[in-house]
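Secondary and tertiary structure notes
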Amino acid sequence: MTETEIKKNNPWREIADRLDCLYSETEEYVYSKDVEMVRIFNKRVAKSKTNNQVYHPDELIVNIPPEPWQGNPLKAKVIFLSLNPGFVENVNWKLAKVLQNDNGILKRMLDFKKKTLCLEAESFFPESNDEKPIGCKDSISMLGDWYWENGLAKFREEVVNKDYTEKQFYRDVAIMQYHSYTSEKYGRTFTKAGYFLESQKFTAELIKYIIDNNKDVIFVIMRSLNKWKELLEDSDIDFWKKNQEHFLIKDNGSMSQAISENNMKLKDGTMFFNVLCNKLRE
C-alpha cells in the first residue's frame, strides 16, 4: 500500500469535508460507519443520567471535532498511543464558542484540524503563532486545555538545544487514540467487547502501514495495553510477535501521560525516557 492509498482510505476525510465549527448545536461529527455503535452506546449510558446532568460522564461528546490523532503519524519518529480524547466542558464547549465567534481564529483552527484529520499536518501544533488576537498554536493548545503541551514539556526541554529545534520536536512526535470521540471519563467499556468501530479498524491499518514503511518508529503505549493488543491482533493474530521491537509499554500504574523521566519508569525500574530522547536526536 502506498501513502496515497492509505490517505485515500482514511475515514476522517469525511469529517474534515464537513467540519465547520469547534462546537455545534446541531451537527454530530461521527464517521458515518461509526454512527450506529456510537448512538447505541450513548443511548445506554444516558439512561443513568441524573436530572441535573446535561450528559453522563461516560457519554461520547460528538458535537465537537473527533481527534483520532494529533501531529502526523506518517511523519513522526515517536508516537504515543492513548485511550480517547478527554472532554472538559469549560474548554471544549464554553471556550470553543468564544474562539469560533472570531472568524479569523475559527478559520485558522479549522484549517489545522482538517489537515490533521487528513494526515496532511506538518506538526503536532500549528507552526505559526503571531496572529491577532491570539496565535494559532496557542488557540489549538488552549482548546486542548494545554494537556499535551504540558504533558510533553519535560520531553521537549530535554531534547531541544541549538542543534535540535522545538519546531523539529513537534514534527517528530504524534499521539494516536484507541478511539476518537471525546468523553469526560472512560468509565464504561466502549466499544462493545469483540467489536470495533470502522474508524478503529483504520487506526490499526494505519499503525501497520507505519511499521511497514518506517522501520525505526517507536510506539509508546500509555494506557490500555490489552485494548490496543486486541485491536491490532483483530486482523493479524501474530502482530505482537512480529513487531515487539516497535513498542514500549508504560506499565508503572500511573494514569499520568506526562512524558518525563519519572513517569517513564517501568515496574522493574527500567527507564526508557532516554530511549525516546535518543530517538529524536538521531
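Our structure's up above, just so we're on the same page.
Let us look at the structure shown here. (Residues numbered from 1 in each chain as written. Predicted model: local features only at pLDDT ≥ 70, side-chain atom pairs only at ≥ 80, totals over all residues. Heavy atoms only, no water.)

1. Observations regarding the overall build of the protein chain
Across its full length, the protein chain holds 13 helices and five strands. In terms of overall dimensions, the protein chain is globule-like: its C-alpha atoms have a radius of gyration of 18 Å, near the 19 Å expected for 282 residues. Contacts in the protein chain between residues at least 24 apart in sequence constitute 73% of all its contacts with a sequence separation of at least 6. Entry remark: accessible area of the protein chain is about 13,900 Å², with carbon and sulfur atoms responsible for 46%. Of the charged side chains in the protein chain, 42 are positive and 44 negative, and the gap between their average positions amounts to 3 Å. (Helix = DSSP H or I, 4+ residues; strand = E, 2+ residues; numbered from the N terminus. Rg over C-alpha atoms; globule rule 2.2 N^0.38 Å. Contact = heavy atoms within 4.5 Å. Areas by Shrake-Rupley, 256 points an atom, 1.4 Å probe, with all protein chains shown as cover. Lys, Arg positive; Asp, Glu negative; His and termini not counted. Charge placed at Lys NZ, Arg CZ, Asp CG, Glu CD.)

2. Describing helix α6 (residues 136-143)
Burial of α6 is extensive: six of the eight residues sit out of reach of the surface. Three or more residues of α6 are buried, namely C136, K137, S139, I140, S141 and L143. Positive phi shows up at D145, right after α6, with a value of about 60 degrees. (Buried < 20%, exposed > 50% of the residue type's maximum accessible area, 1.4 Å probe, protein only.)

3. Concerning the pairing of strand β2 (residues 78-82)
Judged by how many residues are buried, β2 sits mostly within the fold: five of five residues are covered. Burial along β2 is two-sided: the residues V78, F80 and S82 and I79 and L81 are all buried. Two strands pair when backbone bridges link them, and β2 and strand β3 (residues 173-177) are joined in this way by five bridges, in the parallel orientation. Following the sheet pairing, S82 is matched in β3 by Q177. Sheet analysis places β2 next to strand β4 (residues 218-221), joined by four bridges and oriented parallel. The residue of β4 that forms the bridge with L81 is I221. (Pairing = 2+ DSSP bridges.)

4. Let's talk about the sheet that holds strand β1 (residues 69-70)
Neighbouring strands of a sheet are bound in pairs by backbone hydrogen bonds; such pairs are parallel or else antiparallel. The strand order β1-β3-β2-β4-β5 describes an open sheet built from five strands, whose pairing is mixed. Only two strands of the sheet have a single neighbouring strand rather than two, namely β1 and β5 (247-249). With three bridges connecting them, β4 and β5 associate as parallel partners. Bridge pairing in β5 places I221 opposite I249.

5. Looking at the packing of helix α5 (residues 103-117) against α6
Geometrically, a packed helix pair is captured by the angle between its two axes and the distance between the axes. Between α5 and α6, whose axes approach to 10 Å, the crossing angle comes to 75 degrees. With respect to α6, the axis of α5 lies roughly perpendicular. Contact with α5, carried on its side by I105, R108, M109, F112 and K113, involves C136, S139, I140 and L143 of α6 and no other residues of that element. When the residues that make up the contact of α5 with α6 are grouped by side-chain class, the tally is six nonpolar, one polar and two charged. (Axes fitted to C-alpha atoms, helices over the stretch in contact; angles between N-to-C directions. Parallel < 35°, antiparallel > 145°, perpendicular 65-115°, else oblique. Nonpolar A, V, L, I, M, F, W, Y, C, P; charged D, E, K, R; others polar.)

In short, the description is geometric, and any link to function would need to be established separately.
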